[in-house]
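# Coordinates in review
Spelled out from the first residue to the last, the chains are:
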Amino acid sequence: MTKGRKTTWNERVQMVLDCLGNGKDYQRTAETYEVSYQQVYQWVKKYEDGGDEALKDKRGRKKKLNSLRRMKSSFK
């Protein structure tokens, strides 16, 4: 199994399009881009369900400013 690496949104889109263009050959795509088979499979699935926006990394989203202000005022 190939160890994962950090990828950009543009890389993920390119990998998915390459995989789909090659008849969903997940293994070849994983080897070509040095990522895991499972990761390619998940990206293709997300892409098919939600388009290229679904491939964006949503981890670490910031809380809305109003929410932060309410939290800050409750500590006073």
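Preceding this section is the structure that the text describes.
The structure displayed is predicted, hence computed values, not measured ones.

## Description of the packing of aromatic side chains
Under the counting rule described, the total for this entry stands at two aromatic pairs. Summarising the aromatic geometry, the rings of Tyr26 and Tyr37 are spaced 5.6 Å apart at their centres and angled 70° between planes, so their arrangement reads as edge-to-face. Taken together, the positions of Tyr26 in helix 2 (residues 26–33) and Tyr37 in helix 3 (residues 37–50) put the pair 11 residues apart, joining distant regions of the chain. Note on Tyr26: relative accessible area 13%, which makes it buried. Among the residues examined, Tyr37 registers a relative accessible area of 36% and is labelled partly exposed. Taken together, a centroid distance of 5.2 Å and an interplanar angle of 65° make the contact between Tyr26 and Tyr41 edge-to-face. Of this pair, Tyr26 sits in helix 2 while Tyr41 sits in helix 3; the two residues are 15 residues apart in sequence, bridging distant segments of the chain. Chaining the aromatic ring pairs together yields one cluster made of Tyr26, Tyr37 and Tyr41. For Lys56, the ring lying beneath its charged end belongs to Trp9, and the centroid distance is 4.9 Å.

What counts, and at which threshold
Along each chain, residues carry numbers from 1 onward, in the same order as the chain's sequence is written. Reporting in this predicted model follows two pLDDT cut-offs: at least 70 for local features of residues, and 80 or more for side-chain atom pairs to be given and counted; totals over whole chains, interfaces and linings ignore these cut-offs and use all residues. Hydrogens are left out, water is left out, and the side-chain values use all remaining heavy atoms of the structure. Ring geometry is summarised as follows: Phe, Tyr and Trp rings, the Trp one being its six-membered ring, pair when their centres sit within 6.5 Å, and such pairs are stacked at plane angles under 30 degrees, edge-to-face over 60 and tilted between the two. Strands here mean DSSP runs of E at least two residues long; helices mean DSSP runs of H or I at least four residues long; both are numbered from the N terminus. For every residue, the accessible area (1.4 Å probe, protein chains only) is compared with the maximum for its type, and the residue is labelled buried under 20%, exposed over 50%, or partly exposed between those bounds. To sit over a ring, a charge needs its Lys NZ or Arg CZ within 6 Å of the ring centre and within 35 degrees of the ring normal.

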